[in-house]
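Coordinates in review
In case you want the letters, here they are:
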Amino acid sequence: MRNSFYPKMALTNIRKNGRMYLPYMIASICTIMMFFMMMTIIDNPGIDSMPGNISLKMMLILGEVIVGVFAVVFLFYTNSFLMKRRKKELGLYSILGLEKRHIGRILFFEVFFTAVFCLAAGILAGSLFSRLMFLILLKMVQTTAPFTIEFSRLAVKVTVTLFGAVFLATLVSDLFQIGRVRPIELLHGDKRGEKEPKARWILAFAGFALLGGGYYIALHVETPVEAIMEFFIATLLVMGGTYLLFTTGSIAVLKMLKKNKKFYYKPRHFTTVSGMLYRMKQNAVGLANICILSTGVLLAVSTTVSLNVGMSDLLKGLFPEDIGVYMVGSEGGIAEKLYSYLEGKAEEVDVSFGPMIDFTHVRVYAERSRDDLSEFVSGQQTGDAPNDYAIIMTDLEQYNKVEGKNESLGKDEVIISGNLKAYGEEKFTLDGRSFHVKEEKDSSEIVKRMLVRSQKNYVVVFSDKSIIDELTAGIDQNLIGKEEYMGMDIQGSQESRNKFDTLLINDDFKGFVKQENINQKVYFSVNSGISEGQEMRSFISGFLFIGIFIGVLFLMATALIIYYKQISEGYEDKERYVIMQQVGMSLSEVKKCIHSQILSVFFLPLLIAIVHICVAFNIINKLLWIFGLYNTPLFMLCTAVTILIFAVVYTIVFSLTSRTYVKIVGTE
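Okay, so let's go over this structure.

What counts and what doesn't
- Residues numbered from 1 in each chain as written.
- Predicted model: local features only at pLDDT ≥ 70, side-chain atom pairs only at ≥ 80, totals over all residues.
- Heavy atoms only, no water.
- Helix = DSSP H or I, 4+ residues; strand = E, 2+ residues; numbered from the N terminus.
- Buried < 20%, exposed > 50% of the residue type's maximum accessible area, 1.4 Å probe, protein only.
- Contact = heavy atoms within 4.5 Å.
- Areas by Shrake-Rupley, 256 points an atom, 1.4 Å probe, with all protein chains shown as cover.
- 1 Å grid on protein atoms, 1.4 Å probe; cavity = no way out; pocket = protein on both sides within 12 Å on 5 of 7 lines; lining within 4 Å.
- Points joined across faces, edges and corners; volume = space filled by probe spheres on them.
- Nonpolar A, V, L, I, M, F, W, Y, C, P; charged D, E, K, R; others polar.
- Salt bridge = Lys/Arg side-chain N within 4 Å of Asp/Glu carboxyl O.
- Phe/Tyr/Trp six-rings, centres within 6.5 Å; stacked < 30°, edge-to-face > 60°.
- Expected span 1.5 Å × (residues − 1).

Structural notes on the overall build of the chain
Scanning the chain for helices and strands turns up 20 helices and twelve strands. Taking all 668 residues of the chain together, 53% fall into the buried category. Excluding contacts between residues fewer than 6 apart, the proportion of contacts in the chain whose partners are at least 24 apart in sequence is 84%. Summed over all atoms, the accessible surface of the chain reaches about 31,300 Å², with 62% contributed by carbon and sulfur.

A closer look at the layout of surface pockets
Considered as a void within the structure, the largest pocket measures approximately 1,700 Å³ in volume. Surrounding the largest pocket, 48 residues form its lining, F231, T235, G296, L299 and F554 being those nearest its centre. It is helix α8 (residues 224-259) that provides the largest number of residues to the lining of the largest pocket, a total of eleven residues. Of the residues assigned to the lining of the largest pocket, the class counts are 39 nonpolar, nine polar and no charged.

Here's the deal with the environment of G542
Summarising the element assignment, G542 is placed in helix α18 (residues 531-582). On the basis of relative accessibility, which here comes to 0%, the residue G542 falls in the buried class. When the C-alpha atoms of G542 and L60 are compared, they prove to be 6.7 Å apart, with 482 residues separating the residues in sequence.

Considerations on unusual backbone geometry
The residue D350 is not glycine, and still its phi comes out positive at about 60°. Looking at where D350 falls in the secondary structure, it is placed in the loop between α12 (335-348) and β2 (352-353). Take D350: its relative accessible area is 61%, and that puts it in the exposed class.

Quick notes on empty space enclosed by the protein
Inspection of the entire model under this criterion finds two cavities of 30 Å³ or more. In this structure, the largest cavity occupies an estimated 110 Å³ of space. As for the largest cavity, its lining consists of 13 residues, and the residues nearest its centre are Y21, N79, L82, V111 and D174. Those elements that provide at least two residues to the lining of the largest cavity are α2 (18-42), α3 (53-95), α4 (100-141) and α5 (153-179). Grouping the constituent residues of the lining of the largest cavity by class yields seven nonpolar, three polar and three charged. The space that makes up the second largest cavity amounts to roughly 30 Å³. At the level of elements, α10 (267-309), α19 (587-627) and α20 (632-665) are the ones that each hand at least two residues to the lining of the second largest cavity. Looking at the lining of the second largest cavity residue by residue, the classes come out as six nonpolar, two polar and no charged.

Some words on the pattern of salt bridges
A full pass over the atoms with the stated rule returns eight salt bridges. With its nearest N and O atoms 3.7 Å apart, the salt bridge here joins D358 to K401. Of this pair, D358 sits in strand β3 (residues 357-368) while K401 sits in helix α13 (residues 396-403), and the two are 43 residues apart along the sequence. By relative accessible area, D358 is classed as buried at 18%. Assessed through its relative accessible area of 46%, K401 is described here as partly exposed.

As for the packing of aromatic side chains
Inspection of every chain in the model, using the stated rule, returns 22 aromatic pairs. Note on F231 and F232: the rings are 5.4 Å apart at their centroids and 75° apart in plane angle, and the pair reads as edge-to-face. Overall, F232 belongs to the exposed group, its relative accessible area being 58%.

What to know about the side chain of N400
Within the secondary structure, N400 sits in helix α13. Since its relative accessible area comes to 13%, N400 is described here as buried. In this view, N400 contacts K405, N406 and E407; residues no more than four positions away in its chain are not counted.

Comments concerning α2
In a regular helix each residue adds 1.5 Å, so 25 residues correspond to 36 Å; α2 covers 35 Å between its end C-alpha atoms and thus fits that length. Judged by how many residues are buried, α2 sits mostly within the fold: 20 of 25 residues are covered.

Dropping the structure here:
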C-alpha cells in the first residue's frame, strides 16, 4: 500500500466520525488550554512580587497537579467511548482484508493528527487567554503586580510532554484492544453486555454500608481537627459506595421490583424496569463518574465562593487588629510597657497606633465528663480526643473592658462563650467546684483573639480574679498557660504600614526583654493582619481561582460524558424502538417509555450528588472554620445557589445533548 493511504484513511475516519471526534477534540483542547494557562501563570515572574506569593503559588501548583491528573484519567475515559463505538467499523476493515498492523497504522495517524491539532490549538488558546486569567487573578488578590506575561517555554515543554504521553498511552491502549480480539468480536463489540445482569447482593450491601459509613462520619464531625482527619476517609467511603451503588445496588433494587409481579407486569413498568436493567449494567460506571464529578463541581464552587464572599468578615475575625501580640507565660502588666516600646519603633517608619486592646487570661486543658457534661476535669491535653477542651478563664473586669459592656456577676455565677460548640448546660464545674451559668454568649471578642481557633475553646468569665487563682492553685502549674494579649491598629500609608510590619516580625523582642528585665520564660508571638492578612487573601483568592478552574473542568467532563452516553443510548434504543413497535406498542407509548428511562438514568446522578452535598455540609462547614469562616448561613446560601445554578446548567446540557439522541433514534 502507498504511504499516503494511511494518513488519508485517518483523516477520512476523523471527518466521518465527527459526531464523536469533535466533542473529544474540543474537550482535549480545553483541558490543554487550562493546563497551559495555569503553567504560564506559575512561571510568570510577576507572581513572585505579589503579596502572599508563597501561598498563591502553592495553590496554583496544587491546581496544576489536579488538572494534570484529571486530564490523564479523563482523556483515557473519553477515548474508551470512541473505541467502543468504532469497533464495528474496525471489524469491517478486517473483514475487507486489512490486517491488524494496517489498522494499527491508521489508528496511529488518527491519534497523531488529533494530538498535533489539539496541542497546537490548546497552546495557542492558552497563550491568548493567559493574559486575561492573570489580570483576573490580580483583581481577585487585590494587588498590582508587574504585568509581564511572556510566552513560557517551560509551559510549552511541560504541556507537550504530559499530553503527548497521554495521547501515546491512549494509542497503545487502543492497539492492545484491537490486537487481542478477533475481527468477528470487533463487529459485535458494541453489543457486549446484552445479557440481563445478575444481582450481586453482597456487593450491593457493601455499597450501602460504605455510603452509610461515609455519611455517618460526615454528619458526626464536631471540630475542624476531626474534619481534617476524617474528610478523606469519608470521601473515599462515599466514592466507593457511589460506584457500588450504581453498579450493583441499582441492579439489586431493579431486580426486587421485577420480582414484584403486581408492579412489574404492567406495560409501563415492564418496559421501564427491563430497560433500566440493561442501561444500568452498561452505563453504571459512567453514571457514577457523572455523580462524582457533579459532587466535585458543587463542592469546589460552593466552598470557594463562600470564602470569597465572606472574605471581609473572615479577615476581621482572624485579625481583629492590625497587630496582635500574644505573651505566653506572662503574669500580666507587660502590654503597656510593650506598647511604649513599639511606639518608639513606629516613629522610625512614620506610623502611629490606634487605641490598645489588652487583656489577661489563664488557659487550662480539661476533659468533659461523659457522665455529667457540665463537669470538667483539668489535666494534660491529649490531642485529638473528642472531649478535650481549652478552658480560657478571665475575670469580669477584663471581659467588660474587651467587650465594651457592663455585665455583673455573683460570686458563684459565670458567663460562658464557645467558639465551635455551644455549651448548653445550666452549671459549670471544674475540678469539683460548681458555678451557675448566668448567660451563654453566642460569640465573644475574646474568643476571636485566641491563638488556636480550630480547637474547642470555652471562655469562662468569673466575677473576680481571686476565684481563678483558687481554681488553679491545685493544678500542676506546668499545665497552666498564663497569657496576655495586646492588639492595636496601625495608622499610616500602606508602604509605612508594610515597613512596620516587616520590622515587627523581624524584631525578636530581645531589646524589649532586656530593657524591661522580662522573665526569659515569656514567649512572644505576633499575629499580623497586614502581612498575614494579605497572605490569607492571596491563599483564598488562589483557592477560588483553582476552584473555578476545577469546576469548569469537571463541568466540561460531565457534559462530555452525558453527550457520549446519549450517543450510546441512541444507537441501542434505535433497535429497541423498532422491536417495541413490532410487538404492538404505539409510537407515543414508545416515546414515553424511552424518555422516562433516559430522564431517570441521567438525572439520578444529579439527585445523588445533591444528597452527597447535603450530607457533606457539616464536615465541609467545619473545614471552613479552619480558614476562619464561621458564617454558616452564608455557606448554606452559597451552597443552595450553587446547586440551583448547576442543576439548571445540567438540565441545559442534557437538553442539548438529547437532540443528538433524538436524531439517532429517529423519533421525530
